[in-house]
Every structure is written in C-alpha cells, then in structure tokens.
Amino acid sequence: RIISAAAALFVAFSLTGCSSASVDTLLAPPRLSEEQSAVYDALVKSVGKDIRLQFPKSGDYRSAFVFADIDSEPDNEAIVFYEKAGETEGEGNVRINIIDRRDGKWTSVYDHAGAGTGIDRILFSELGGSGRTSVIIGYTMLSGEKSVRVYSYEDGVLNVRYSDSYSTMFVSDLERDEKNELVLIRPNNQIRKASVSLVSANPETGAVSETGSVSLNSETTDFVNIASGYVGTDTPAIFIDGLSGGKLATEIVYSLNGQLRNPL
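Some thoughts on the overall build of the protein
Here is step 1 of the chain: When its secondary structure is counted, the protein shows 3 helices and 17 strands.
Here is step 2 of the chain: Counting over 264 residues, the protein shows a buried share of 40%.
Here is step 3 of the chain: Taking the contacts inside the protein whose residues are at least 6 apart along the sequence as the reference set, 41% of them involve residues at least 24 apart.

As for the side chain of S125
Here is step 1 of the chain: Structurally, S125 is set in strand β6 (residues 118-125).
Here is step 2 of the chain: What makes S125 buried here is its relative accessible area of 6%.
Here is step 3 of the chain: Ignoring sequence-local partners within four residues, the contact set of S125 consists of R132, T133, S134, V171 and N180.

Observations regarding the sheet that holds strand β8 (residues 146-154)
Here is step 1 of the chain: Spatially, 4 strands are ordered β6-β7-β8-β9 in an open sheet, and the strand pairing comes out antiparallel. Of all strands in the sheet, those bounded by a partner on one side alone are β6 and β9 (157-166). The mean inter-strand angle of the sheet, taken between neighbouring strand axes irrespective of direction, is 20 degrees.
Here is step 2 of the chain: In the sheet, β8 pairs with β9 via 9 bridges, with the strands oriented antiparallel. When the bridges of β9 are listed, Y153 appears paired with L158.

Describing the packing of aromatic side chains
Here is step 1 of the chain: Counted under the stated rule, the structure contains 2 aromatic pairs.
Here is step 2 of the chain: Ring plane angle 90 degrees and centroid distance 5.4 Å describe the contact between Y61 and F124, whose orientation is recorded as edge-to-face. Of the two residues, Y61 is situated in the loop between β1 (51-53) and β2 (65-68) and F124 in strand β6; the sequence distance between them amounts to 63 residues.
Here is step 3 of the chain: Judged by centre distance (5.9 Å) and plane angle (65 degrees), the rings of F67 and W106 are edge-to-face. On the criterion of sequence distance, the pair formed by F67 in strand β2 and W106 in strand β5 (residues 105-113) is long-range, its members being 39 residues apart.

Remarks on the sheet that holds strand β13 (residues 208-215)
Within a beta sheet, neighbouring strands are joined by backbone hydrogen bonds and run either parallel or antiparallel to one another.
Here is step 1 of the chain: Taking strand neighbours across the sheet as the criterion, the 4 strands line up as β10-β11-β12-β13 in an open arrangement whose pairing is antiparallel. The open sheet has two edge strands, β10 (168-172) and β13, and neither has a second partner. This sheet shows a mean twist of 25 degrees between the axes of neighbouring strands, independent of strand direction.
Here is step 2 of the chain: Pairing of strand β11 (residues 181-186) with strand β12 (residues 195-201) involves 5 bridges; the strand directions are antiparallel.

Focus: a nonpolar patch on the surface
Here is step 1 of the chain: Taken together, the side chains of V224, L243 and L248 make up a nonpolar region of the molecular surface, amounting to roughly 270 Å² of accessible area.
Here is step 2 of the chain: Given a relative accessible area of 58%, L248 falls into the exposed group.

Focus on the pattern of salt bridges
Here is step 1 of the chain: Enumeration according to the criterion identifies 9 salt bridges in this entry.
Here is step 2 of the chain: For D111, the salt bridge goes to R95, with nearest N and O atoms at 2.7 Å. In this pair, D111 is assigned in strand β5 and R95 in strand β4 (residues 95-102), connecting sequence segments 16 residues apart.
Here is step 3 of the chain: The partly exposed category is assigned to D111, whose relative accessible area is 26%.
Here is step 4 of the chain: Accessibility expressed as a relative area gives 23% for R95, which makes it partly exposed.

Quick look at the side chain of T220
Here is step 1 of the chain: Relative to the assigned elements, T220 resides in the loop between β13 and β14 (222-231).
Here is step 2 of the chain: Residue T220 is classed as buried on the basis of its relative accessible area of 1%.

With respect to the layout of surface pockets
Here is step 1 of the chain: Reported here for the largest pocket is a volume of approximately 320 Å³.
Here is step 2 of the chain: Around the largest pocket, the lining is made up of 15 residues, and of these E145, K146, S165, Y166 and N189 lie nearest the centre.
Here is step 3 of the chain: For the lining of the largest pocket, the secondary structure elements donating two or more residues are β8 and β9.
Here is step 4 of the chain: Its boundaries defined by the atoms lining it, the second largest pocket holds a volume of some 230 Å³.
Here is step 5 of the chain: Of all the secondary-structure elements, those providing two or more residues to the lining of the second largest pocket are β4 and β8.
Here is step 6 of the chain: Looking at which element gives the most residues to the lining of the second largest pocket, the answer is β8, with 3 residues.
Here is step 7 of the chain: When the residues that make up the lining of the second largest pocket are grouped by side-chain class, the tally is 2 nonpolar, 5 polar and 9 charged.

Focus on the confidence of the model for the protein
Here is step 1 of the chain: Here the protein averages 86 in pLDDT, while 86% of its residues score no lower than 70.
Here is step 2 of the chain: Mean pLDDT per element in the protein: helix α2 (residues 20-26) is the minimum at 47, and strand β7 (residues 134-140) is the maximum at 97.
Here is step 3 of the chain: Scored below 50 in pLDDT, residues 9-25 shows 2 contacts in the model against residues more than four places distant or in partner chains.

Here is what the cut-offs are and how they apply
Residues numbered from 1 in each chain as written. Predicted model: local features only at pLDDT ≥ 70, side-chain atom pairs only at ≥ 80, totals over all residues. Heavy atoms only, no water. Helix = DSSP H or I, 4+ residues; strand = E, 2+ residues; numbered from the N terminus. Buried < 20%, exposed > 50% of the residue type's maximum accessible area, 1.4 Å probe, protein only. Contact = heavy atoms within 4.5 Å. Pairing = 2+ DSSP bridges. Axes fitted to C-alpha atoms, helices over the stretch in contact; angles between N-to-C directions. Phe/Tyr/Trp six-rings, centres within 6.5 Å; stacked < 30°, edge-to-face > 60°. Patch = residues over 30% accessible without salt bridge, like charges linked within 9 Å, V, L, I, M, F, W, Y side chains within 5 Å. Areas by Shrake-Rupley, 256 points an atom, 1.4 Å probe, with all protein chains shown as cover. Salt bridge = Lys/Arg side-chain N within 4 Å of Asp/Glu carboxyl O. 1 Å grid on protein atoms, 1.4 Å probe; cavity = no way out; pocket = protein on both sides within 12 Å on 5 of 7 lines; lining within 4 Å. Points joined across faces, edges and corners; volume = space filled by probe spheres on them. Nonpolar A, V, L, I, M, F, W, Y, C, P; charged D, E, K, R; others polar. pLDDT = per-residue confidence, 0-100.

Listed below in structure tokens is the structure:
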C-alpha cells in the first residue's frame with residue numbers, strides 16, 4: 001500500500017505540470033563543513049550577507065570554497081566565489097575573495113572582481129617550472145564564450161599575468177620537459193581562427209605569455225570531444241574532434257623540437 005500510495009503521489013505530481021525549477025525549490029543547498037562555515041562567516045563579515053555563492057561548472061574543483069596554497073606560506077588559503085545578491089543575472093561580474101588564516105582565525109584579506117558572470121573552472125600549476133603557483137580561472141559569459149585569467153598571488157594581491165579567450169583548457173607537459181604548460185583550444189570565430197596554444201611562465205621573471213601556437217581546421221565551429229594521449233609510445237598528443245559543416249574530423253596536435261605540429 002505504501003508503494004502504491006507513493007506511485008500515485010508521483011503520478012499526481014507529474015500531472016500538475018511542475019517544471020524542474022519547482023523541483024529545485026524542494027532541494028536543500030549542500031551543508032557547509034565546519035571549516036567552510038568559518039570561511040563563510042569571514043566572507044560575510046567582510047562583504048555583507050546579500051551574496052550568492054558561485055560554483056565552478058567543470059574541472060576538479062566544483063565547490064564555491066577552494067582551498068590551496070597560492071603563496072609562499074605553508075598554510076592553505078581559501079578562494080571563495082560569490083556574487084552580489086541584489087544584482088540581476090549578467091548585471092555584475094562574479095567576485096573572488098581570498099580568505100587567510102590569521103592568528104588561528106579565518107580573515108578576508110582581499111576581494112577581486114572577476115572577468116565574467118560565472119566560473120567555468122579553476123586550475124593551479126607552476127607553469128614553466130617557475131616555482132610560482134599560478135591561479136588559473138576560466139570565466140563564463142552570458143554569450144556562452146569563455147575567458148581565462150592567469151593570476152599570481154603576491155603581497156596579498158591577485159595580479160593578472162595573462163588573459164585570453166578559450167573553448168577548452170587544461171594543464172599538461174606537452175613539450176616533455178618536465179614543465180607544465182597551459183593548453184588553450186579555441187574554435188573558429190570572427191576574431192581569430194581555430195587554434196591550439198601553449199601558455200607558460202618565464203622561470204626567471206615569472207612573466208606569463210604564449211610560447212607556441214598551431215592552427216586547426218579553419219572551418220571548425222565547435223569541439224565535440226578532446227582527449228589526451230600519445231603518438232607512438234612517448235610523444236604526448238591532443239586528439240581533437242571538431243565539428244565542421246555538420247561533419248566530424250579528428251586532428252592530432254603534438255610538440256616536436258619545441259614547436260606545435262598539426263600533421264593532418
């Protein structure tokens with residue numbers, strides 16, 4: 001009888017025409033851990049209560065609270081993504097707040113305006129073997145485009161070291177020199193042709209710049225799948241399935257003698 005009643009209730013609910021938005025109102029937000037609650041309290045104390053947390057849409061970090069060591073100190077800092085609750089969608093950019101532990105208590109130490117209305121993903125890497133941790137944040141726009149900012153966190157400030165547009169990005173040692181590069185893959189648009197670029201940091205100065213690029217099929221309008229693998233036994237490569245004129249084509253990009261190659 002219990003099962004029959006539950007089934008009847010489900011059918012009745014389905015017939016009311018309730019949308020997924022109605023179901024969302026029944027879902028409770030994820031409960032914060034004790035550490036996250038302490039960080040959230042520090043955030044509210046700094047910026048006020050009228051905020052909404054923002055969550056990265058992809059990548060390894062999906063929480064609005066990201067803990068990482070982004071400076072030379074031994075302890076982790078908390079990076080929190082949020083937006084002002086009074087702003088309508090697209091009116092204001094997502095914001096980033098850096099919260100550090102001072103005298104045993106979490107304290108907001110820096111607030112930064114992002115470069116989009118949402119967060120796509122966040123990465124951390126010592127690009128180019130520079131010994132400096134780069135904070136790599138991908139932003140989403142209302143138009144669907146994505147923008148990346150590579151930051152260094154020095155003297156309590158997020159400094160923009162590099163910015164560009166992208167479709168997909170990840171960190172890899174594509175040049176097999178035991179130094180990571182940021183790989184940016186872009187589709188064809190009105191501004192530039194489809195391409196794959198490597199972005200790295202100068203180990204001496206810390207300056208971040210594009211160190212190599214190779215063109216993809218100029219007719220590519222979207223990417224269906226991107227995978228990492230090898231050509232042969234020891235050459236790292238990127239396999240890119242691109243959509244062009246309603247058809248799929250796979251391109252293979254790898255680095256040879258310090259230069260990106262696209263043999264197809």
